[in-house]
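# Structural description and commentary
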Amino acid sequence: MLFYQGFWYLSFAFQGIISFQSHFEAHDTDILLASLPKTGTTWLKSLLYAIVNRENISKNHSKHPLHTKNPHELVPQLGLNQPETIAQVPSPRLFATHVPYSSLPESIKTSNCRIVYVCRNPLDTFVSSWHYFLQFEISKETKPDKEMMEEYLIKYSKGVSPYGPHDEHVLEYWKESIQNPTKVLFLEYEGLKKEPKAHLIRLAEFLGFPFSADEKDNVVDEILELCSIKNLKEMEVNKSGQWFPWVENKYLFRKGEVGDWVNHLTPSMAKQFDQMQENLKKAGFSSK
Ligand code: A3P
């Protein structure tokens, strides 16, 4: 990884990030999802896409693009997808990024485009990322073991993780959402899991695509069902497709549970995250 402007970047993605920083021009109607890896990006991409593209969703649920395309194909990742892919996105353009707020291109900050940020408890994020990155980091000869996990955990908890430090990434967007609530909507994965309907309604209002009273009775539930991990996981495109030649879609959907870290980390491992949890707690929100 490379350290740049106070954050860690995966070296393979760095060139794309620099190019995004220097060349991306935001439109006022753009919608940007910002997140750390493994905090619910795929879920939020599907929800954003479904909110904005919901015509006839009740009648044509099975024909919705989410049945044939992975959410990452429908909502490109800025800094990772090629400029040609970005240029083809129809308006209102939906994008995502893992880049921290302070390093976003100026046009995103100064235009009227909206930013949705999703955060997740660092312990669950760590466990999710451990499982995810195993597919890339483990060669056939190397077996993942507890020692390797502890090594990764110590780094992660000290801030050395993709797009980390985790707490600083979250706090930058959190502060911006307080200062500029019409620009940045701050969501917690845990809150979405607990009260999905209320969150979806709020999300749609923030984006300028509010649900009508009728839609609140049926379309909201349709979208939640369409974008549920259970549903997405079973779609053929997500079982056998690939997002990039090196990323199999099936790895994007694991358990999708809150608090799964207790099944993987000992109390002493979790303790390594105390300082990070404390920094987040001080900010006044409470991912649990
Ligand atoms: P777990 O590994 O804890 O199961 P990202 O999309 O940012 O990579 O985040 C991946 C995490 O979100 C994984 O968590 C994954 O299972 C979960 N996830 C993926 N799709 C989801 C959905 N539709 N609803 C809830 N969680 C989802």
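Above this text you will find the structure in question.
Criteria and cut-off values
- Residues numbered from 1 in each chain as written.
- Predicted model: local features only at pLDDT ≥ 70, side-chain atom pairs only at ≥ 80, totals over all residues.
- Heavy atoms only, no water.
- Helix = DSSP H or I, 4+ residues; strand = E, 2+ residues; numbered from the N terminus.
- Expected span 1.5 Å × (residues − 1).
- Buried < 20%, exposed > 50% of the residue type's maximum accessible area, 1.4 Å probe, protein only.
- Phe/Tyr/Trp six-rings, centres within 6.5 Å; stacked < 30°, edge-to-face > 60°.
- Lys NZ or Arg CZ within 6 Å of the ring centre and 35° of its normal.
- Near = heavy atom within 4 Å.
- Polar contact = N/O pair within 3.5 Å; in protein donor to acceptor, adjacent residues only side chain to side chain.
- Areas by Shrake-Rupley, 256 points an atom, 1.4 Å probe, with all protein chains shown as cover.
- Nonpolar A, V, L, I, M, F, W, Y, C, P; charged D, E, K, R; others polar.

## Thoughts on helix α2 (residues 41-52)
Between its first and last C-alpha, α2 extends 16 Å over twelve residues, near the 16 Å set by a 1.5 Å rise per residue. Where burial is concerned, most of α2 is hidden: twelve out of the twelve residues are buried. Regarding α2, the residues found buried are T41, T42, W43, L44, K45, S46, L47, L48, Y49, A50, I51 and V52.

## Examining the packing of aromatic side chains
Counted by the stated rule, this structure contains 19 aromatic pairs. Between Y4 and Y9, the ring centres sit 6.0 Å apart and the planes meet at 65 degrees, which makes this aromatic pair edge-to-face. Y4 gets classed as partly exposed once you look at its relative accessible area, which sits at 22%. Relative to Y156, the ring of Y152 has its centre 6.4 Å away and its plane inclined at 90 degrees; by these criteria the two rings are edge-to-face. Of this pair, Y152 and Y156 both sit in helix α7 (residues 146-157), four residues apart, which is roughly one turn of that helix. Considered together, Y152 and Y156 belong to a single accessibility category, that of buried residues. A network of ring pairs unites the aromatic residues Y101, Y117, Y173, W174 and F186 as a single cluster. Note that K193 overlies the ring of W43, its terminal NZ or CZ placed 5.9 Å from the centroid.

## Considering the site of the ligand
Taken together, the neighbourhood of the ligand is formed by 18 residues, with T41, T42, S128, K255 and G256 sitting nearest. Contact between the ligand and R120: an oxygen atom at 3.0 Å from a side-chain N or O atom of the residue. At 2.6 Å from an oxygen atom of the ligand is found a side-chain nitrogen or oxygen belonging to S128. In the complex, 97% of the free accessible area of the ligand, which totals 570 Å², lies under the protein chains. Elements represented by at least two residues in the shell around the ligand include exactly α2 and α13 (229-234). Residues that form the shell around the ligand fall into these classes: seven nonpolar, seven polar and four charged.

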